[in-house]
Amino acid sequence: MDRLGSRRRQCGRRGRPEVLHRRRAEQRTTRWQERYKMRADVEGTIPQDVRRCGLRRSRYRGLARTSLQHRLTGAAISLARIDAHSTDTLRARTRTSRFAALRPADQATDGAKQART
């Protein structure tokens, strides 16, 4: 007999398909898609800041120094964004998957089919 003995718990699945169906229906609405578009923009900037400024770890111990580091890092990120905006620096391209890299160079990269002559 295992440690739990004969008593085992099971997670109930009642109501779960209905909730999932409602959530998926909600995601098809334009209101939800507009809200999610805003989130997607923010989600894209976080990894950029992590790569640029190493936001995963703090250099210091202690709340005061760590707080100061966060504030200075935020200011540096803001200055970098202001500079990129004022100099019309293009955003970095997203990575190309290995499958997409196999595509011949003469084919369109935006997913649109080209007319054959």
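Since this is a predicted model, take the numbers as computed values, not measurements. (Residues numbered from 1 in each chain as written. Predicted model: local features only at pLDDT ≥ 70, side-chain atom pairs only at ≥ 80, totals over all residues. Heavy atoms only, no water.)

J.: Even after reading the chapter, I still don't get the overall build of the protein chain, so can you show me in this structure?
T.: In terms of regular secondary structure, the protein chain is built from 4 helices and 0 strands. Reading the secondary structure of the protein chain in the N-to-C direction produces α-α-α-α. Residues counted as buried form 6% of the 117 residues belonging to the protein chain. (Helix = DSSP H or I, 4+ residues; strand = E, 2+ residues; numbered from the N terminus. Buried < 20%, exposed > 50% of the residue type's maximum accessible area, 1.4 Å probe, protein only.)

J.: I'm lost on the packing of helix H2 (residues 30–53) against helix H3 (residues 63–86) in this one. Help?
T.: When two helices pack together, their arrangement is given by the angle between the helix axes and the distance between those axes. H3 packs onto H2 with a crossing angle of 110 degrees between their chain directions and a minimal axis gap of 11 Å. It follows that H2 is roughly perpendicular to H3 by the angle criterion. In this structure, H2 contributes Thr45, Gln48, Asp49, Arg52 and Cys53 to the contact, and H3 contributes Thr73, Ile77, Ala80 and Arg81. Split by residue class, the contact of H2 with H3 holds 3 nonpolar, 3 polar and 3 charged. (Axes fitted to C-alpha atoms, helices over the stretch in contact; angles between N-to-C directions. Parallel < 35°, antiparallel > 145°, perpendicular 65-115°, else oblique. Contact = heavy atoms within 4.5 Å. Nonpolar A, V, L, I, M, F, W, Y, C, P; charged D, E, K, R; others polar.)

J.: Sorry if this is basic, but what is going on with the packing of aromatic side chains here?
T.: In total, this model carries 1 aromatic pair according to the counting rule given. Relative to Tyr36, the ring of Trp32 lies with its centre 5.1 Å away and its plane at 10 degrees, an arrangement referred to as stacked. One end of the pair, Trp32, and the other, Tyr36, are both in helix H2, 4 residues apart, so they sit about a helical turn from each other. Of the residues examined, Trp32 reaches a relative accessible area of 21% and is grouped as partly exposed. (Phe/Tyr/Trp six-rings, centres within 6.5 Å; stacked < 30°, edge-to-face > 60°.)

J.: It is not clear to me how H3 should be interpreted in this structure. Could you clarify?
T.: Count 3.6 residues to each turn of an α-helix, and residues three or four apart come out pointing the same way. The end-to-end C-alpha separation of H3 is 34 Å, in line with the 34 Å expected for 24 residues at 1.5 Å each. Those residues of H3 lying buried are Thr66, Gln69, Thr73 and Ile77. On the buried face of H3, the contacting elements are H2. After H3 finishes, the residue Asp88 shows a positive phi value of roughly 55 degrees. (Expected span 1.5 Å × (residues − 1).)

J.: Is there a simple way to explain the side chain of Thr73 in this structure?
T.: Within the fold, Thr73 resides in helix H3. Apart from the residues lying within four places of it in its own chain, the contact partners of Thr73 are Cys53 and Leu55.

J.: Can you help me understand the pattern of salt bridges in this one?
T.: Side-chain pairing between opposite charges can occur once the charged atoms of the two side chains come close. Overall, the coordinates contain 3 salt bridges when judged by the stated rule. Where Glu26 meets Arg23, a salt bridge forms, and the shortest distance between an N and an O atom there is 3.3 Å. Here Glu26 and its partner Arg23 are both found in helix H1 (residues 16–27), 3 residues apart, which amounts to about one turn of the helix. Here Asp49 makes a salt bridge to Arg81, at a shortest N to O gap of 2.8 Å. Linking Asp49 in helix H2 with Arg81 in helix H3, this pair joins segments that are 32 residues apart in sequence. By relative accessible area, which is 8% here, Asp49 ends up buried. Under the relative-accessibility criterion, Arg81 is labelled partly exposed at 36%. (Salt bridge = Lys/Arg side-chain N within 4 Å of Asp/Glu carboxyl O.)

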